[in-house]
Amino acid sequence: MIKISEEATGKIKEMLEAEETPDLFLRVGVKEGGCSGFSYGMGFDNDQKEEDTVLDFSGLKVVVDPESAKYLYGVEIDYKDAGMGGGFTIDNPNAVASCGCGASFKVKGEEGKAEKCDD
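Residues numbered from 1 in each chain as written. Predicted model: local features only at pLDDT ≥ 70, side-chain atom pairs only at ≥ 80, totals over all residues. Heavy atoms only, no water.

J.: When you look at the pattern of salt bridges in this model, what are you seeing that I'm missing?
T.: Two side chains bearing opposite charge may form a pair once their charged atoms approach each other closely. A complete count under the given rule lists six salt bridges for this structure. We note a salt bridge from Arg27 to Asp52, for which the minimum N-O separation is 2.8 Å. Taken as a pair, Arg27 in strand β2 (residues 25-32) and Asp52 in the loop between β3 (38-45) and β4 (53-57) lie far apart in primary sequence, 25 residues in all. Grouping residues by exposure puts Arg27 and Asp52 together as buried. Across the salt bridge formed by Lys80 and Asp78, the nearest N and O atoms sit 2.7 Å from each other. The partly exposed category is assigned to Lys80, whose relative accessible area is 45%. Classification of Asp78 by relative accessible area gives buried; the value is 17%. (Salt bridge = Lys/Arg side-chain N within 4 Å of Asp/Glu carboxyl O. Helix = DSSP H or I, 4+ residues; strand = E, 2+ residues; numbered from the N terminus. Buried < 20%, exposed > 50% of the residue type's maximum accessible area, 1.4 Å probe, protein only.)

J.: Just checking my understanding: could you explain the sheet that holds strand β6 (residues 76-80) for this structure?
T.: Across the sheet, three strands lie side by side as β1-β6-β7; this open sheet has mixed pairing. The two strands at the open ends of the sheet, each matched to only one other strand, are β1 (3-4) and β7 (87-91). Of the strand pairs in this sheet, β6 and β7 are connected by five bridges, and their pairing is antiparallel. In the sheet register, Tyr79 faces β7, and the bridge partner there is Phe88. Packing against the sheet, helix α1 (residues 6-19) makes contact with β1, β6 and β7, and its axis sits at approximately 75° to β6. (Pairing = 2+ DSSP bridges. Contact = heavy atoms within 4.5 Å. Axes fitted to C-alpha atoms, helices over the stretch in contact; angles between N-to-C directions.)

J.: Explain the packing of aromatic side chains to me, please; I cannot follow it from the model alone.
T.: To describe a pair of aromatic rings, one takes the distance between the centres and the angle between the planes. The full count for this structure, using the stated rule, is two aromatic pairs. A ring pair is formed by Phe38 and Tyr71, whose centres lie 4.8 Å apart and whose planes are at 35°; its orientation type is tilted. Placement of the pair is Phe38 in strand β3 and Tyr71 in helix α2 (residues 66-72), with a sequence separation of 33 residues. For the pair formed by Phe38 and Tyr71, the shared burial category is buried. (Phe/Tyr/Trp six-rings, centres within 6.5 Å; stacked < 30°, edge-to-face > 60°.)

J.: Sorry if this is basic, but what is going on with α1 here?
T.: An α-helix turns once per 3.6 residues; consequently, residues spaced three or four apart project the same way. Given a rise of 1.5 Å per residue, 14 residues ought to cover 20 Å, and the 20 Å separating the end C-alpha atoms of α1 matches this to within 8%. All of the buried residues along α1 are Ala8, Thr9, Ile12 and Leu16. Down the axis of α1, the smallest arc covering the buried residues is 100°, so these residues share one side. Counted as exposed and oriented over 90 degrees from the buried face of α1: Glu6, Glu17 and Ala18. Backbone geometry just downstream of α1 places Glu20 in the positive-phi region, at approximately 55°. (Expected span 1.5 Å × (residues − 1). Arc of directions from axis to C-beta.)

This is how it looks when you write it as C-alpha cells:
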C-alpha cells in the first residue's frame, strides 16, 4: 500500500521514543481540505480501529483508515535531513496536482474540498 524509506522510519521511531508513551503508532491519513482539495495527515495515535489497515516497517507500526487507503496506494514517504529545507516528503502517484507547500493534493475525478491557500 505505502512505502516508508529507512530514513523516514528511523526518524519516526526516534520521535516515538521521545514521546515516552507506550503503544503509540504512526497514523497516516487523508482528509478533505487544503489548497488542492485533499490534505495529508501524519501523527501519533494509540486508538486502532478494527477496520484499519496495519503495516509494519522494520518494527514501526503504521495504521491507515479505510477511507484514506484509496488515496494512499503507492505513496512513498521519505525524510531528508537538510537543515531548514529538510523534513518529511510524500510522493503520491495518485495526485494529478499538488499545492506549492506539498501538503495538499488533487486526484483525478474527485474535487475534495479546496480551501484558500496561504502561500
